[in-house]
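So you can see what is in the structure, the chains are spelled out below.
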Amino acid sequence: MIDVVMPQMGESIVEGTVTRWLKKPGERVQRDEPLFEISTDKVDTEIPAPATGTLAEILVAEGQTVPINTVVARIDETAAEVAAPPAAAPAEAPAVESPAPSPLTERGPVGPVVATPERPAEVAEAPAEAVGPLSPLVRKMLREHNLDPRLIKGTGQGGRITKQDVEAFLAARAREAAAPQPPPTPAAPPVTAAAATPQPPAAAPEIPPVARPEPAKIRIEPMSIMRQKIAEHMILSKRTSAHVTTIHRVDMTRVARMRERYKSEVQQRYGFSLTYLPFITRAAAQALRAFPIVNASIEGNNIVYHNEINIGIAVALENGLIVPVIRNADEKSVIGLQRAIVDLATRARSRQLKPDEVHGGTFSITNFGSFGSLTATPIINQPQVAILGVGAVEKAPVVVDDDKIAIRSVCLLSLTFDHRLIDGALADQFMQKIKSVLENWSEEVL
Amino acid sequence: MRVCQWRQLGRIGYGEALRIQRELVEKRKQGAIPDQLLLLEHPHVITLGRNGRLENLLATPAALERAGIEFFHTDRGGDITYHGPGQVVGYPILDLRGWRKDVVAYVRGLEQVIILALERFGLRGEREAGRTGVWIGGRKIAAIGVHVSRWVTSHGFAFNVSTDLSYFRYIVPCGLSAPVTSMWELGVRAGSEQVHVALVEAFARVFECEMISPVIPVEQAR
């Protein structure tokens, strides 16, 4: 007999109230499934059964309050009809990694009837947790029919396998067994592995998977939350906006000279290096003032013009990216912008951005030039309607005014705009404005 | 430092929010996702906790239906409460083993989050002994009701920002006949968005975690 006690739900907690029994005496319980609920100061807590067996007796009725560690029920373990399943708590066994991958691990969940009867032993060893939590009923059915849960498509919450799924699988197997068809060949290459590494079928090893575990051809790991978010946003943006990209070549020679002149002074005085990005940001802010529709967003059938020019600067992180926002970018000098860029990028990488520093952008700039890219077609940062891509600034031979060839610092700027709202002509005027500010840089004071 | 992801879900129905919470709780238990803080608001709805008494509902189901208010029995702690537009609802899905294995400390923590957020707007929230929630001048501004399963939390708090308080006439809030209040009633005309930011920052301090905001990606993966 296993005693079930009132658990201590916190240091200062000395008692708890049983609010509801989820099992009746005589009913079977599985280890870790919710057995009863308790209540302490506005918190309801589900308490899992400490063992598998039969709920022998309930000692504390619903509504009763007892001190912690009071025995509230007893579970009779000997009454277990079948051996407990390999019960590892889900937390200890991550959903996608089983400790020693059997050849089956490489198979996708869609393979029809993959030689299950031939390998009962292996199936029994397969941790059920590999496909997420299973209800006791489903576990029992899987055990009885010697099924590998990974071969069954779950239709329950979160892809969970339900009783119906198991029944459907069994029915389908029975149908297939009845139909005259060649038996599944064990030498068939594993489904997902073949999909991941395209290979002619002839190259597939002629060794049945049972013989010995092959070296894994793929490795599966869950996407990080950030990766998932990025994926969502990229697709959302592609679905939302009519993306068009226009590319302009800008002569950065004047800016390059300004930068040369002030570089060491800025480094000494402020402790950061002066890049091209704040010049381009400053030019973009001026162009946004001149063309407010590029600083707008769409809400339903309305155009929302933003009176503030808040420019997001894409920052590459180790495994993703984030777009912190420079507020009122048009009110900042080149030095002020450089300071903001350095500060936001540093804090983005050390993950110290405040929540309101990644919200409220009205336009974005992404500087792939710093990774050597000449140009690219960036994706709009929703709900904005345009994004400026900055290519690498390079010295290049350029034909200048009187048909002479000169060495100039040039760079390609690309603007991806939402063609729902912005016409091509306007997008190009906007780019011409940026180009003109940069090529005729007149601000002597940074 | 532990990571907590926060999401703004906008206005969503109570049933839908329950479904999302259940899904996230499952994933949290499996360790597939980090802690979560969901911020949202509900359309008009009255919910009765597991230990709630139906006599605290002062209107008939028919009257509620006429007023466009949904009614739900739910599995959180606490009695009866009202949610509606203008009320910021927070549902943290936390694995308390990563913080403190103490459900009462957790509830005090939620109160502290609200108190710190109120501070940002110059308001002083108070605790009242034996009456969970946050109070200002004897009126309740935020209600708390929590569910815990294997140390993973769900449900959370309901914080009146610009709530139309007249809807509380249908119930005896949390079974107490004390009056309710809102930030707007106290003269602070804050918007939900500002309150979200204040709550997120307070949450990071109280639960000692790093709040990861939704990532807004830009560059095409190349």
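In the block above lies the structure referred to throughout.
Residues numbered from 1 in each chain as written. Chains lettered and ligands numbered in written order. Predicted model: local features only at pLDDT ≥ 70, side-chain atom pairs only at ≥ 80, totals over all residues.

Draft legend 1. Here's a closer look at the pairing of strand 8 (residues 71-76) of chain A. All names here are of chain A. Bridge count for strand 1 (residues 2-5) against strand 8 is four bridges, and the pairing is antiparallel. If you follow Ile2 over to strand 8, its bridge partner there is Ile75. In the sheet, strand 6 (residues 53-58) pairs with strand 8 via four bridges, with the strands oriented antiparallel. Bridged to Thr54 within strand 8 is Asp76. (Pairing = 2+ DSSP bridges. Helix = DSSP H or I, 4+ residues; strand = E, 2+ residues; numbered from the N terminus.)

Draft legend 2. Representation of the interface of chain A and chain B. Taken together, the contacts link 49 residues of chain A with 43 residues of chain B. Residue assignment for the side of chain A that touches chain B shows that the elements contributing at least two residues are strand 4 (34-40), strand 5 (43-48), helix 5 (225-240), strand 14 (320-322) and strand 16 (363-366) of chain A. By residue number, the principal contributor to the side of chain A that touches chain B is helix 5 of chain A, which donates six residues. In terms of residue class, the side of chain A that touches chain B is made up of 25 nonpolar, 15 polar and nine charged. Sheet topology note: the strand 5 of chain A/strand 9 (residues 139-149) of chain B ladder contains four bridges and is parallel. The residue of strand 9 of chain B that forms the bridge with Glu46 of chain A is Ser149 of chain B. (Contact = placed C-beta atoms within 7 Å. Nonpolar A, V, L, I, M, F, W, Y, C, P; charged D, E, K, R; others polar.)

Draft legend 3. Focus on the environment of Ser224 of chain A. Residue and element names in this part refer to chain A. Its place among the elements puts Ser224 in the loop between helix 4 (191-196) and helix 5. Classification of Ser224 by C-beta neighbours within 10 Å gives partly exposed; the count is 13. Linking Ser224 and Asn319, residues 95 residues apart in sequence, is a C-alpha distance of 8.6 Å. (Buried ≥ 20, exposed ≤ 12 C-beta atoms within 10 Å, placed from the backbone.)

Draft legend 4. Just unusual backbone geometry, in detail. Look at the link from Gln382 of chain A to Pro383 of chain A: it is a cis peptide, with omega at 0°. Positive phi, normally seen in glycine, also occurs at His155 of chain B, with a value near 55°. In this structure, His155 of chain B sits in strand 10 (residues 152-160).

Draft legend 5. Molecular detail of helix 4 (residues 192-206) of chain B. Residues and elements named next belong to chain B. With 15 residues, helix 4 extends 20 Å between its outermost C-alpha atoms, agreeing within 8% with the 21 Å of an ideal straight helix rising 1.5 Å per residue. Of the residues making up helix 4, those classed as buried are Ser192, Val195, His196, Ala198, Leu199, Val200 and Phe203. On its buried side, helix 4 packs onto strand 1 (2-11), strand 2 (35-41), strand 6 (87-93), helix 3 (103-120) and strand 11 (209-212). Once helix 4 ends, the next one or two residues include Glu208, with phi positive near 50°. (Expected span 1.5 Å × (residues − 1).)

Function cannot be inferred from these measures alone, as they are strictly geometric.
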